[in-house]
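Each chain, letter by letter, is given below.
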Amino acid sequence: MNNSWTYFDAQRWAGEALADSEIDPYSPQFLLQQRHDWDETHLILHNRDLMPADEQAWFKDAIEQLLAHVPAQYIVGKATFYGRPFKVTTDVLIPEPETEELVDWVLSEFDDHPMNVLDLGTGSGVIGTTLALERPRWSVTLSDISAPACDLARENAQQNGARLSVVQSDLFDRLDGKFDLIVTNPPYIDPDDKDEMDQSVIENYPEIALYADEHGLGFYHRLFDQAPEALNAGGQIFGETGHDQENSIQELLKQCQPQAEIAVRHDVAGKMRMIRAWNFTR
């Protein structure tokens, strides 16, 4: 490796290394921006600066990890969600733009009047932390079955200045009280569809956060069954789903709670990715 590399030279080398791959060509820039907390303008301003030798070694290793299907966010250990930084590890999913659309939907439906809100299956805590910061009068709880995920969610909430509680729980087993709103991005992938997924996801993402039985609907089956006991009167559920579950998840809700109602929403790509369910009464 050339000891006189500039940041521009490093990016050019990385572009050549990734040229024949399917990896996002913007990934090298992302790695440098996240490492230094630079925006695109500051990266350009540093293009002619010499890259320190230790950073050259790190950057070369990072590009090799990209070529080995490791997502860039896991390499740098952080991602941005709703304009805020969140630490991510392979114990949690990398937050996606579709989840920001779910948060947008929730915020568009509820103002800042006090509510008890649960981010169920919180992972890195992006949903609940964002809701707590955008709606300061909400009482927000984050929960996850994974202890490492709960630790990470707590750290992210603290670093972003969100006041909330974190509880390790399998659904509602260790949660007290009832909620006015439950928001979730749960496991919803059919294990039989694993062969259709990106290699980077299969090799790096936590399986517990990806796959659910019953053709991907097992988590939602349990959630819909238990919702009347977990929600206050008038309580609602917002959730992210698989694009191929538009009909099956509506049928599941009617099976579990015949009186309940459901609305679906498509993402910017036109795929059904979100649900809103309400009228959970016995």
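Before reading on, note that the structure itself is shown above.
Here we summarise the structure given alongside this text. Position numbers for residues count from 1 along each chain, tracking the sequence in the order it is written. Confidence filtering applies because this is a predicted model: local features only for residues at pLDDT of at least 70, side-chain atom pairs given and counted only at 80 or more, and all residues used for totals across whole chains, interfaces and linings. Working from all heavy atoms in the structure, the side-chain values ignore hydrogens and water.

A few words on the packing of helix α1 (residues 7–18) against helix α4 (residues 53–67). Between N-to-C directions, angles cover 0 to 180 degrees, with each direction set by a line fitted to C-alpha atoms, over the stretch in contact for helices. Under the scheme used here, helices are H or I runs from DSSP no shorter than 4 residues and strands are E runs no shorter than 2 residues, and both carry numbers assigned from the N terminus. Relative to each other, α1 and α4 sit at 20°, their axes nearing to 11 Å. Considering their axes alone, α1 and α4 lie roughly parallel with respect to each other. Read as a crossing pair, α1 and α4 show a hand that is right-handed. When α1 is examined against α4, the residues Tyr7, Ala10, Gln11, Trp13, Ala14, Ala17 and Leu18 are found in contact with a partner set consisting of Glu55, Phe59, Lys60, Ile63, Leu66 and Leu67. Throughout, the term roughly parallel applies to angles under 35 degrees, roughly antiparallel to angles over 145, roughly perpendicular to angles from 65 to 115, and oblique to all others. By convention, the crossing between two helices is left-handed when the near helix turns anticlockwise from the far helix through less than a right angle, and right-handed when the turn is clockwise. Residue contacts are counted whenever heavy atoms from the two residues lie within 4.5 Å of one another.

This brings us to the packing of aromatic side chains. Only Phe, Tyr and Trp rings take part, Trp by its six-membered ring, and two of them pair if their centres are within 6.5 Å. Stacked means planes under 30 degrees apart, edge-to-face means over 60, and tilted covers everything else. As enumerated under the stated definition, the model contains 13 aromatic pairs in all. Seen from their ring centres, Trp58 and Phe59 are 6.3 Å apart, and the 40° between their planes marks the pair as tilted. Here the aromatic rings of Phe81 and Tyr82 are separated by 6.2 Å at their centres, their planes lie at 35°, and the arrangement is tilted. Residue classification places Tyr82 among the partly exposed residues on the basis of a relative accessible area of 24%. Members of the aromatic cluster, connected to one another through ring pairs, are Trp5, Trp13, Trp58 and Phe59. Over the aromatic face of Trp58 sits the side chain of Arg35, whose NZ or CZ is 4.4 Å from the ring centroid. Here the guanidinium or amino end of Arg48 rests over the ring plane of Phe8, the centre of that ring lying 4.7 Å away. Working definition: with a 1.4 Å probe on protein chains only, accessible area under 20% of the residue-type maximum means buried, over 50% means exposed, and in between means partly exposed. Ring-over charges, as used throughout, are those where CZ of Arg or NZ of Lys falls within 6 Å of the ring centre and within 35 degrees of the ring normal.

A few words now on the sheet that holds strand β5 (residues 165–168). Two strands form a pair only when DSSP identifies at least two bridges running between them. Within the open sheet, the seven strands sit side by side as β5-β4-β3-β6-β7-β9-β8. Their pairing is mixed. On the outer flanks of this sheet lie β5 and β8 (261–266), each paired with one strand and no other. Neighbour-to-neighbour, the strand axes of the sheet open up by a mean angle of 20°, direction not taken into account. Sitting on the sheet, helix α10 (residues 218–230) is in contact with β3 (116–120), β6 (179–184), β7 (231–240) and β9 (272–278), with an inclination near 160° to β7.

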